[in-house]
Amino acid sequence: MSVFSNPFFSDHEEVVFVHDDSAGLRAIIAIHDTTLGPALGGLRLWPYANEDEALTDVLRLSRGMTYKAAIAGLNLGGGKSVIMGDPAIKSEPLFRSFGRYIQGLAGRYITAEDVNINVEDIEFIHQETEYAVGIHPEHGGSGDPSPFTAWGAFQGMRAALEKTFGQADWASRSIAIQGVGHVGMHLARLLRKEKARVFVTDIHADRVQRAVEEYGCEAVSGEQIYDLKVDVFAPCALGGSINPETLPRLRCKIVAGSANNQLATPECGTELDRRGILYTPDYALNAGGLINVALEIEGYHRELAERRVNAVYDIIRRIFEQAETRGIPTWQAADAIAEERIAALRPARGRYLENPPMRSIRHIERASVSR
Ligand code: NAD
């Protein structure tokens, strides 16, 4: 396995491979870009088939975090981490060991929740490092970020509906949600509250059942979800669900979901545009969770978090405006906005290195040796 020749290596600043046999820990931490600030991004626990798969995932996800923070106007860089393991086998030693490695990065990377990681796991990590967010409200944290991610996605979806139909008019809309986990379930609840028609699928039958019984959603199979004639297809499971096989089947007008890396390739985004399907860039639509946890760094206020997450609506509108003005697909417009912010600030900021005194000491030592 080579990092530099991986197709998803994208000038990442730092990739750390972590191994602690005594704790059953095998993990990869990827810091993509720290121009805007320390790299913040969640930890994912997944039974990857092999190390290449884990590396590819963490490289893609960390890059996405750079873009997400940049487009959300946050002073944060992009990073992500993955633990290779069975989500059914979690332990205190596993997360505490991981926390010690995070602490070793001295603040260049701040971890948080992602798939298969919950507040309790973050609490274990937090016992070993201050560089963890999404910690329990009892300890001054914001807890589970998924309600905020769902709220942001709901606001972004509103912008997409207004763009397509002139108004959101939820009660006459239909939405197909792929994956009713943490975010998907909250999204289903919000949409049903507005009386939208909501179809759901999940590989866990009990989650589908809950969405049907508690919120009045309609269950469909994992295959059917792509073929539904709906207004919005909302991928809220894992990445890559918009790919050359599924794309020709889509009969929706909008793609707007919380999953990271929904497009198997950027070309899929261009193809959606060509087919007249409005793609709401994933990392912008799902920025609510990041906007929320980022507030923990400066001191958490729930009301302020709620107000800030509303900004997803404006972020999505800006992407649509730029796409139209520049005559480019929405995925490209989002990338351009994020890249232009980073490029403008790069000369003034450089890379984020938490330990400047250490660096200056070493610099002085070297200087005195050379004298
Ligand atoms: P989750 O694990 O709680 O939910 C994902 C759901 O998708 C699960 O219920 C799972 O069973 C289901 N699923 C997996 N594969 C599926 C398939 N092929 N078909 C149908 N369902 C399938 O995760 P989550 O926290 O809700 O996150 C969902 C997505 O949103 C992920 O891509 C995550 O990276 C992204 N995201 C989450 C947050 C957050 O705040 N949790 C923030 C930003 C982005």
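Computed from a predicted model, the values in this text were never measured in an experiment. (Residues numbered from 1 in each chain as written. Predicted model: local features only at pLDDT ≥ 70, side-chain atom pairs only at ≥ 80, totals over all residues. Heavy atoms only, no water.)

1. Focus: the overall build of the chain
Cut-off, in case you're wondering: Counting from the N terminus, the helices are DSSP H or I runs at least four residues long and the strands are E runs at least two residues long. Two things to know: the radius of gyration comes from C-alpha atoms, and the globule rule equals 2.2 Å times the number of residues to the power 0.38. Think of it in three bands: residues with accessible area under 20% of the maximum for their type are buried, residues over 50% are exposed, and the middle band is partly exposed, with areas taken using a 1.4 Å probe on protein chains only. Per-residue and other accessible areas follow the Shrake-Rupley method at a 1.4 Å probe size, with only the shown protein chains counted as cover for residues. None of His or the chain ends enter the tally, which takes Lys and Arg as positive and Asp and Glu as negative. To locate a charge, the coordinates of NZ of Lys, CZ of Arg, CG of Asp or CD of Glu are taken.
Assigned secondary structure in the chain consists of 14 helices and 11 strands. Relative to the 2.2 N^0.38 estimate, which gives 21 Å for 371 residues, the radius of gyration of the chain is 21 Å and therefore close to what a compact globule would have. Projecting the C-alpha coordinates of the chain onto the three principal axes gives extents of approximately 75 × 45 × 45 Å. Buried positions account for 53% of the 371 residues belonging to the chain. Carbon together with sulfur atoms contributes 49% to the accessible area of the chain, which is approximately 16,600 Å² in total. Here the chain holds 40 positive side-chain charges and 49 negative ones, and the gap between their average locations is 5 Å.

2. Concerning the pairing of strand S5 (residues 109-113)
What counts is decided by this rule: For two strands to be treated as a pair, DSSP must find no fewer than two bridges joining them.
Counting buried residues in S5 gives five out of five residues, a clear majority hidden from the surface. Alignment of strand S3 (residues 39-46) against S5, held across five bridges, turns out to be parallel. Looking at the pairing, Gly 41 lines up with Thr 111 of S5.

3. Side note on the packing of helix H2 (residues 92-104) against helix H3 (residues 119-126)
How two helices sit against one another is set out by the angle between their axes and by the gap between those axes. Heads up, the condition is: Whenever a helix is involved, its axis is fitted only over the stretch in contact; in every case the axis is a line through C-alpha atoms, and angles between N-to-C directions fall within 0 to 180 degrees. Oblique is the label for any angle not under 35 degrees, not over 145, and not in the 65 to 115 range, which are roughly parallel, roughly antiparallel and roughly perpendicular in turn. The handedness criterion is simple: a crossing whose near helix is rotated anticlockwise from the far helix by less than a right angle is left-handed, and one whose near helix is rotated clockwise is right-handed. Working rule for contacts: check all heavy atoms of both residues, and any pair within 4.5 Å makes them a contact. Gly counts as polar in this scheme, as do all residues outside two lists: the nonpolar Ala, Val, Leu, Ile, Met, Phe, Trp, Tyr, Cys and Pro, and the charged Asp, Glu, Lys and Arg.
With their axes 7 Å apart at the nearest point, H2 and H3 run at an angle of 50° to one another. With respect to their mutual orientation, H2 and H3 come out oblique. Note that H2 runs across H3; the crossing there is right-handed. For the pair H2 and H3, contact is made by Glu 92, Phe 95, Arg 96, Phe 98 and Gly 99 and by Asp 121, Phe 124 and Ile 125, respectively. Along the lines of polarity and charge, the residues of the contact of H2 with H3 split into four nonpolar, one polar and three charged.

4. What about the site of the ligand?
Test applied: Whether a residue is near a molecule or strand depends on its heavy atoms: it is near if one of them lies within 4 Å of it. For the purposes of these results, a polar contact is taken to be a pair of N or O atoms within 3.5 Å, where, inside protein, one atom must be able to donate a hydrogen and its partner to accept one; residues adjacent in sequence count only when each atom of the pair is a side-chain atom. An automatic or database domain assignment is the source of the domain bounds shown.
Taken together, 23 residues lie near the ligand, and Thr 149, His 182, Asp 202, Arg 207 and Ala 237 sit nearest. A distance of 2.8 Å separates an oxygen atom of the ligand from a polar backbone atom of Val 183. One of the side-chain N or O atoms of Asn 260 is found 2.9 Å from an oxygen atom in the ligand. Burial of the ligand by the protein chains amounts to 86% of its free accessible area of 820 Å². Going through the elements one at a time, helix H4 (146-165) and helix H5 (182-193) are the ones with two or more residues in the shell around the ligand. A class-by-class count of the residues in the shell around the ligand yields eight nonpolar, 10 polar and five charged. When we break the shell around the ligand down by domain, the ones giving at least three residues each are domain 1 (14-132) and domain 2 (146-287 + 316-335).

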